[in-house]
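Working through the structure, step by step
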Number of protein chains: 2
Amino acid sequence: MVDIATRVWNHKWKIDPIVRSLIDTDFYKLLMCQSVFRNKPDTQVTFSLINRSSAVPLARLIDEGELREQLEHIRSLSLSRGESTWLRGNTFYGKRQMFRSDFMEWFENLRLPPFHLERRDDQYELTFEGSWPEVMLWEIPALAVLMELRSRAVLDLMGKFELQVLYARAMTRVWEKIEQLREIPDLSIADFGTRRRHSYLWQDWCVQAMREGLGNAFTGTSNCKIAMQREVEAIGTNAHELPMVYAALAEDDAALARAPYEVLSDWHDEHEGNLRIILPDTYGTQGFLDNAPDWLAGWTGIRVDSGDPAAAARIAIDWWRDRGEDPAEKRVIFSDGLDVEKIRELHREFAGRVKVSFGWGTLLTNDFRGLVPDDALAPFSLVCKAVEANGRPTVKLSDNPNKAMGPAAEIDRYKLVFGVGPQDALKVVV
Amino acid sequence: MVDIATRVWNHKWKIDPIVRSLIDTDFYKLLMCQSVFRNKPDTQVTFSLINRSSAVPLARLIDEGELREQLEHIRSLSLSRGESTWLRGNTFYGKRQMFRSDFMEWFENLRLPPFHLERRDDQYELTFEGSWPEVMLWEIPALAVLMELRSRAVLDLMGKFELQVLYARAMTRVWEKIEQLREIPDLSIADFGTRRRHSYLWQDWCVQAMREGLGNAFTGTSNCKIAMQREVEAIGTNAHELPMVYAALAEDDAALARAPYEVLSDWHDEHEGNLRIILPDTYGTQGFLDNAPDWLAGWTGIRVDSGDPAAAARIAIDWWRDRGEDPAEKRVIFSDGLDVEKIRELHREFAGRVKVSFGWGTLLTNDFRGLVPDDALAPFSLVCKAVEANGRPTVKLSDNPNKAMGPAAEIDRYKLVFGVGPQDALKVVV
């Protein structure tokens, strides 16, 4: 039977929206947003899209009008009653009322601020300006829209069966990865793949496949909408944008040196347990830990997001021992460029020595490598970052110089302030 | 939106029928049925299910009650108006009104005769008795029901995602085969996989994939229902049951020796062109051709269905040359146990020397080998054959002694009459 009503309803859509909800975003964005809303609500920031894979000519692949429509659609979104109820009523990391009332009231009234879109040769310049708590919520939907419009541009050229077989192959691949992961004892892994996903529906499928295939080893998804819909845990803590903006706001070098710890001091006041996860690499992991105050060693764990992950984990283990902490009680979350082989390798080295977790991103939700001619669906390295705060440029160094960003002079100053020596350059896959 | 009406409608089905139409059968069954209806309408025959893969314990896998329900459902079927219109109005092999009015009137009133079902240890004894034109139409649906109930028994134990991934893998496999076939120039291939298909929906998918992937190289399907639904050609000519029953009816050895040619003489009167395809292996290809009347050499081609296919094709080529025919004008249809490698090999040897076609069966529509534990979905060799005609046993020798059937004494007599010497035993895969 043809469901005429559904067909007619579908025809009524002016566009097929990619992001249909303000909580189709990463959980840590909301945690950070609440923190920013309390501690730095008036900071003016600029976020900007950066395509680190300049070989992917986004402006040739994606129609500007379509992109604009998708972004405008996001600006029309507001928190639904059910979404608000879920955020207010849900247990996150075992804690109720994670989100305070004043934040929720603000969030319920939020519409995302304007965007600025311009084509520059084969790339788009896409920037967002305004108050930090508002602008920061653009990051994930903006990335998801660009990634999915690029997917659609390629899929548009394919026949019905080619499409079916494409997804059959992609499903087979994900499932085979899951079957390999199933063999790792005491695995703990979450989906971190919202920002560079192939599409919303695909991420949703991957999450369900992970749940079905891994059972309790699958700890949840960073995507709030999917967590809500599929009744799994929402996962995440904090990201580089906090120290980057705090650092940009610092008045002098001494304040700059303190900035990354101030961030975590603010965070410490707000959160406990599994949310107290250090992200130490913004200005070099080694220096950050060497100079860290003792109370940080009492935190639950660390997230490793750039450089050689095993090296970073070893540095953290040594640091905990130095500070009189038992590494076996600490959690290490790996989240950079993971795939099955790397997960297996890191698990082999660190299981037992620390509590190991994995935040699996792009190669879970967008591994379409090799599935179409010219590898036109391969994931690529697109980010959307805070580039300015109150008129000053932000800087990120990380443990991989290929991930560094900011004006060259500022990068040099930061390296000096944070005592960052020579670094190994590693290829950024995704 | 939930389509409540469809859901409710689905709940009303007492069973989920496997065969939903009398033309969900092979086209050549209808062609042969019309011939039998004209030439031997009163012959009493017994058809019987034979599981050549005794390691597959059908009666342990398939519930007897369910099997009975499915078979009873088939007995409730009659030709629908649209099906009748399609058979009467369609062009088959470029010819209109392939089916005569008297036959169509009979067919429109047909209900399939009773069946006899009994469990014997781990197998079912399933037989059909009655007049030849009626009983013969049981063969394909009976096989399809058993194959699909066996599939369902295995699928019943699988989770939702396992199922999705199973089909993703099977689709990927079929599509990869199609991609390999696409590289063969001037390929001509049809679906012959109804009888041992994984399921109806799967065969339907395979046919659509073949059409999409191969274009004109895909010449059609043997399945009338799918041919009608998908608007592709219905393909087929004649099968072993004609010479087997004609031979069983022979009064003495001289009549027996003539029987296979009488079949084709009757066929000659009815059909021309692409339907004049010799199936020479029932009692040994070499002997059949050596003793064939000259008018047979004028036929369009030959179908190779047992033994070493290249050897049989070479025999046919020599025979045509001997009889003053140009082999390059003749069609050779390979239809036994084909898969891509074999197809490629045969095409390489015979393309250009003869017109080559392929009737691809079980390894198109049921290649689930290796996709579930214990290979529980691997295809197996199930047949449903005429075993008796007017009280006398039938015999088949073929070019592979592993495919021979009939009482031992009769097999010996047939070998003598048809001058069949030593044969190479080849493993029967499907």
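Remember, predicted model here, so these are calculated numbers, not experimental data. (Residues numbered from 1 in each chain as written. Chains lettered and ligands numbered in written order. Predicted model: local features only at pLDDT ≥ 70, side-chain atom pairs only at ≥ 80, totals over all residues. Heavy atoms only, no water.)

**Some thoughts on the overall build of chain A**
As a reminder of what qualifies: Helix and strand assignments come from DSSP, with helices taken as H or I runs of at least 4 residues and strands as E runs of at least 2, each series counted from the N terminus. Computation of the radius of gyration draws on C-alpha atoms alone. For the globule rule, the value is 2.2 Å times the number of residues to the power 0.38. Only protein chains enter the accessibility calculation, which uses a 1.4 Å probe; a residue is then buried when its area is under 20% of its type maximum, exposed when over 50%, and partly exposed in between. The contact criterion used throughout is that any non-hydrogen atoms of two residues lie within 4.5 Å. Note on areas: these come from Shrake-Rupley sampling with a 1.4 Å probe, and a residue is covered only by the protein chains present in the view. The charge count treats Lys and Arg as positive and Asp and Glu as negative. His and the chain ends do not count. Where a charge lies is defined by one atom per residue type, namely NZ (Lys), CZ (Arg), CG (Asp) and CD (Glu).
In terms of helices and strands, chain A carries 19 helices and 13 strands. Its C-alpha atoms give chain A a radius of gyration of 21 Å, near enough to 22 Å, the size a compact globule of 430 residues would have. Classification of the 430 residues of chain A by burial places 59% in the buried group. Summarising the internal contacts of chain A: among those between residues at least 6 apart in sequence, 78% fall at separations of at least 24. For chain A, the accessible area works out to roughly 17,700 Å², and carbon and sulfur atoms hold 47% of it. In chain A, the 53 positive side-chain charges and the 65 negative ones have mean positions that sit 3 Å from each other.

**Regarding the relation of the copies chain A and chain B**
We count it as follows: Least squares is the method used to superpose the copies, on C-alpha atoms of residues holding a pLDDT of at least 70 in both.
Placing chain A over chain B gives an RMSD of 0.0 Å and needs a rotation angle of 180°, together with 0.0 Å of translation along the axis. Look at the turn and shift together and you get a two-fold axis relating the two. Distance from the rotation axis, computed per C-alpha, reaches its smallest value in chain A at A168 of chain A: 2.0 Å. Counting the interface residues of chain A, we find that 100% of their copies in chain B are interface residues as well, pointing to one common contact surface.

**So, the interface of chain A and chain B**
In many reports, interface size means the accessible area that the parts give up when they come together. The condition is simple: Two parts lose some accessible area (1.4 Å probe) when they are put together, and adding that loss for both gives the buried area. Any carboxyl oxygen of Asp or Glu within 4 Å of a side-chain nitrogen of Lys or Arg constitutes a salt bridge here. Polar contact is the term for a pair of N or O atoms within 3.5 Å; when the atoms are in protein, one must be able to donate a hydrogen and the other to accept it, and sequence-neighboring residues count only if both atoms are side-chain atoms. Any residue outside Ala, Val, Leu, Ile, Met, Phe, Trp, Tyr, Cys, Pro, Asp, Glu, Lys and Arg is labelled polar, Gly included; the first ten of those are nonpolar and the last four are charged.
Across the boundary between the two partners, chain A contributes 22 residues, which contact 22 residues of chain B. Taking both partners together, chain A and chain B bury about 2,000 Å²; carbon and sulfur atoms supply 65% of that area. The interface formed by chain A and chain B includes four salt bridges. For the salt bridge of E179 of chain B with R169 of chain A, the shortest nitrogen-to-oxygen distance reads 3.0 Å. Inspection of the region where chain A meets chain B yields four residue pairs in polar contact (both at pLDDT 80 or more). At the level of elements, helix 1 (4-12), helix 9 (160-181) and helix 10 (200-214) of chain A are the ones that each hand at least two residues to the side of chain A that touches chain B. The element contributing the most residues to the side of chain A that touches chain B is helix 9 of chain A, with twelve residues. Here the residues of the side of chain A that touches chain B sort into ten nonpolar, five polar and seven charged.

**Things to note about the sheet that holds strand 10 (residues 331-334) of chain A**
Residue and element names in this part refer to chain A. Applicable threshold: Whether two strands pair comes down to DSSP finding at least two bridges between them. As a rule, the C-alpha atoms of each element are fitted with a line to give its axis, helices using only the stretch in contact, and angles between N-to-C directions run from 0 to 180 degrees.
Spatial ordering of the open sheet is given by 7-6-11-10-9-8, a layout of six strands whose pairing is parallel. Every other strand in the sheet has two partners, leaving strand 7 (218-221) and strand 8 (277-278) as the edge strands with one partner each. Across the sheet, helix 10 is in contact with strand 6 (189-191), strand 7 and strand 11 (355-360); its angle to strand 7 comes to roughly 165°.

**Quick notes on the nonpolar core**
The following threshold applies: Grouping buried Ala, Val, Leu, Ile, Met, Phe, Trp, Tyr and Cys residues that are joined through side-chain atoms within 4.5 Å yields what is termed a nonpolar core. Start and end points for every domain follow an automatic or database-based domain assignment.
Ranked by size, the top nonpolar core spans 292 residues in total, and within it F107 of chain A together with F107 of chain B carry the most contacts. Each of domain 1 (21-157 + 383-399) and domain 2 (163-365) of chain B contributes no fewer than three residues to this core. Not counting the four nearest positions on each side in its chain, F107 of chain B is found in contact with L22, I23, L30, L79, L87 and L137 of chain B.

**A closer look at the UniProt feature "modified residue: Phosphohistidine" (unreviewed entry) in chain A**
Residues and elements named next belong to chain A. Rule in force here: UniProt positions are given in the numbering used here, feature names are shortened, and annotations may be inferred rather than shown by experiment.
UniProt's entry tags H240 with the feature "modified residue: Phosphohistidine" (unreviewed entry), counted in the numbering of this structure. Within the element layout of this structure, H240 appears in the loop between helix 11 (224-230) and helix 12 (241-249). With relative accessibility at 3%, the residue H240 sits in the buried group. Those residues in contact with H240 that sit more than four places away from it in its chain are L279, D281, T282, D305, K385 and K396.

**With respect to the pairing of strand 12 (residues 382-389) of chain B**
Residues and elements named next belong to chain B. Most of strand 12 is tucked away, with six of its eight residues classed as buried. Across seven bridges, strand 1 (residues 44-51) lies against strand 12 in antiparallel orientation. By the bridge assignment, N51 is partnered in strand 12 with L382. Taken together, the two bridges between strand 12 and strand 13 (residues 392-393) define a ladder with antiparallel strand orientation. Considered in strand 13, the bridge of E388 is made with P393. Between the antiparallel neighbours strand 12 and strand 13 lie two residues, among them N390 with a positive phi of about 45°.

**So, the packing of helix 2 (residues 27-39) of chain B against helix 6 (residues 101-108) of chain B**
All names here are of chain B. Let me state the cut-off plainly: These descriptions rest on fixed angle ranges, namely under 35 degrees for roughly parallel, over 145 for roughly antiparallel, 65 to 115 for roughly perpendicular, and the rest for oblique.
Remark: helix 2 packs on helix 6, axes separated minimally by 10 Å, with the N-to-C direction vectors making an angle of 105°. Between helix 2 and helix 6, the angle falls in the class roughly perpendicular. Counted together, L30, C33, Q34 and F37 of helix 2 and D102, F103, W106 and F107 of helix 6 form the full contact between these two elements.

**Here we look at helix 12 of chain A**
Here helix 12 of chain A lies mainly inside the structure; nine of its nine residues are buried. Listed in full, the buried residues belonging to helix 12 of chain A are E241, L242, P243, M244, V245, Y246, A247, A248 and L249 of chain A.

**Concerning the UniProt feature "domain: Nicotinate/nicotinamide phosphoribosyltransferase" (unreviewed entry) in chain A**
Look at the UniProt record and you will see "domain: Nicotinate/nicotinamide phosphoribosyltransferase" (unreviewed entry) annotated at residues 188-420 of chain A. The distance separating the terminal C-alpha atoms of residues 188-420 of chain A is 32 Å; by composition the span is 42% helix and 14% strand.

**Things to note about the packing of helix 9 of chain A against helix 9 (residues 160-182) of chain B**
Heads up, the rule is: For any helix crossing, the convention is left-handed if the near helix is rotated counterclockwise from the far helix by under a right angle, and right-handed if that rotation is clockwise.
Running from N to C, helix 9 of chain A and helix 9 of chain B cross one another at 125°; their axes reach a closest spacing of 8 Å. Considering the angle they form, helix 9 of chain A stands oblique to helix 9 of chain B. Regarding helix 9 of chain A and helix 9 of chain B, the two cross each other, and that crossing is left-handed. Residues F161, E162, Q164, V165, A168, R169, M171, T172, W175, E176 and E179 of chain A of helix 9 of chain A touch helix 9 of chain B, and the partners they reach there are F161, E162, Q164, V165, A168, R169, M171, T172, W175, E176 and E179 of chain B. Residue composition of the contact of helix 9 of chain A with helix 9 of chain B, by class: ten nonpolar, four polar and eight charged.

**Things to note about the packing of aromatic side chains**
Residues and elements named next belong to chain A. This is how it is decided: Centres within 6.5 Å are what make two rings of Phe, Tyr or Trp a pair, Trp counting through its six-membered ring; a difference in plane orientation under 30 degrees is then read as stacked, over 60 as edge-to-face, and the rest as tilted. By definition here, charges over rings are those cases where NZ of Lys or CZ of Arg is within 6 Å of the ring centre and within 35 degrees of the ring normal.
Evaluated as defined, the whole model comprises 56 aromatic pairs over all chains. Between F92 and F99, the aromatic rings sit 5.7 Å apart at their centres with planes inclined by 80°, giving edge-to-face as the arrangement. Like F92, the residue F99 is buried in the burial classification. Look at W202 and F368: their rings are 5.3 Å apart centre to centre, the planes differ by 75°, and that puts the pair in the edge-to-face class. Taken as a pair, W202 in helix 10 and F368 in the loop between helix 18 (362-365) and strand 12 (382-389) lie far apart in primary sequence, 166 residues in all. Each member of the pair, W202 as well as F368, carries the same accessibility label: buried. One aromatic cluster is present, formed by F27, F37, W86, F92, Y93, F99, F103, W106 and F107 through successive ring pairs. Between the NZ or CZ atom of K40 and the centre of the ring of Y246, over which it lies, the distance is 4.4 Å.

**Quick look at helix 4 (residues 64-75) of chain B**
Residue pairs three or four apart in sequence face the same way in an α-helix, which turns once every 3.6 residues. All names here are of chain B. Heads up, the rule is: Take the residue count of a helix, subtract one, and multiply by 1.5 Å to get its expected span. To obtain the arc, one takes the directions from the helix axis to the C-beta atoms.
With twelve residues, helix 4 ought to run about 16 Å at 1.5 Å a step, and its terminal C-alpha atoms sit 17 Å apart, in line with that. Every buried residue of helix 4 is listed here: L67, Q70, L71, H73 and I74. What you see down the axis of helix 4 is that its buried residues fit within an arc of 155°, all on one side. Among the structural elements, strand 4 (115-120), strand 5 (123-131) and helix 8 (139-155) are those in contact with the buried residues of helix 4. Backbone nitrogen of G65 and a side-chain oxygen of the N-cap are separated by 3.1 Å at the start of helix 4; the cap is D63.

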